[in-house]
Amino acid sequence: MDGTLLGAFRDGDFCVNDEDDVDLGILGSDYDRVMELVPYMERLGFEFQDPLVHNDRLEGFALRRAWFHFDIFRINRHPDRRECYNLGRTRGKHFAFVYPSHHHEFFDAVEFYGAQFQIPCDTANLLAVRYGIDWNVPTPRPRPDYHW
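As the structure is a prediction and not an experimental result, all values here were calculated from the model.

Caption draft 1: Spotlight on the overall build of the protein. Across its full length, the protein holds 4 helices and 8 strands. Starting at the N terminus and ending at the C terminus, the protein contains elements arranged as α-β-α-α-β-β-β-β-β-β-β-α. Taken along the three principal axes of its C-alpha coordinates, the protein extends 40 × 40 × 35 Å. The buried share of the protein, taken over its 148 residues, is 37%. Taking the contacts inside the protein whose residues are at least 6 apart along the sequence as the reference set, 45% of them involve residues at least 24 apart.

Next comes the structure, spelled out in structure tokens:
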């Protein structure tokens, strides 16, 4: 999802200045199983960090090792509308990304660094919803906290 999906789908690589961050969206029905991976990742040197809890439910967290991290978040289906959303946090503020649920009813695949990954269907439309109509034009965004 997010910048990782954008780079993998558009460029076949990470977005410039975003090589240290992998964004993984997991459907709510599978999300609790992700927690089974945390002890394994900790044995590999990753630290569980930045839990995002809303209404007593874990909505996201990071696994970090040195300069690299995974952001793993729950993709929720709205019970009454044909929408999905995921919660996020940046600079202490919480937000929700909302998009049509059809993107998560079926999946496409993308090859990324020699492996096949499931991605939301109608990916170009999802990226337009998330990043705007010009999502397919790379724009360098310097990050002052970025240390490659």
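Caption draft 2: Representation of the nonpolar core. Counting 29 residues, the largest nonpolar core has F61, L63, F70, I72 and I75 as its most contacted members. Contributing elements (two or more residues each) for this core: α1 (2-10), β1 (21-27), α2 (28-34), α3 (38-43), β3 (57-65), β4 (68-77), β7 (107-112) and α4 (123-131). Among the elements that make up this core, the one with the highest residue count is β4 (5 residues). Beyond its immediate sequence surroundings of up to four residues, F61 is in contact with Y31, V34, M35, V38, F48, Q49, D50, P51, F70, D71 and I72.

Caption draft 3: Focus on α4. For α4, the complete set of buried residues consists of T123, L126 and L127. Buried residues along α4 cover an arc of 100° about the axis, so they all sit on one side. Looking at the buried positions of α4, the neighbouring elements they touch are α1, β6 (93-100), β7 and β8 (115-120). Backbone geometry just downstream of α4 places G132 in the positive-phi region, at approximately 100°.

Caption draft 4: Layout of the pairing of β8. Where β7 lies against β8, 6 bridges are found, and the strand directions are antiparallel. Counted as the bridge partner of E111 is Q116 from β8. Taken together, β7 and the strand that follows it, β8, pair antiparallel across an intervening segment of 2 residues, in which Y113 is found at a positive phi of about 55°.

Caption draft 5: Molecular detail of the packing of α1 against α4. Viewed as axis vectors pointing N to C, α1 and α4 meet at an angle of 135°, and their least axial separation amounts to 11 Å. The orientation of α1 with respect to α4, classified from their angle, is oblique. Once α1 is placed against α4, the crossing between them reads as left-handed. Of the residues in α4, those in contact with D2, G3, L5, L6 and F9 of α1 are T123, A124, L126, L127, R130 and Y131. Split by residue class, the contact of α1 with α4 holds 7 nonpolar, 2 polar and 2 charged.

Quick notes on the rules
- Residues numbered from 1 in each chain as written.
- Predicted model: local features only at pLDDT ≥ 70, side-chain atom pairs only at ≥ 80, totals over all residues.
- Heavy atoms only, no water.
- Helix = DSSP H or I, 4+ residues; strand = E, 2+ residues; numbered from the N terminus.
- Buried < 20%, exposed > 50% of the residue type's maximum accessible area, 1.4 Å probe, protein only.
- Contact = heavy atoms within 4.5 Å.
- Core = buried A, V, L, I, M, F, W, Y, C linked by side-chain atoms within 4.5 Å.
- Arc of directions from axis to C-beta.
- Pairing = 2+ DSSP bridges.
- Axes fitted to C-alpha atoms, helices over the stretch in contact; angles between N-to-C directions.
- Parallel < 35°, antiparallel > 145°, perpendicular 65-115°, else oblique.
- Left-handed = near helix turned anticlockwise from the far one by under 90°.
- Nonpolar A, V, L, I, M, F, W, Y, C, P; charged D, E, K, R; others polar.

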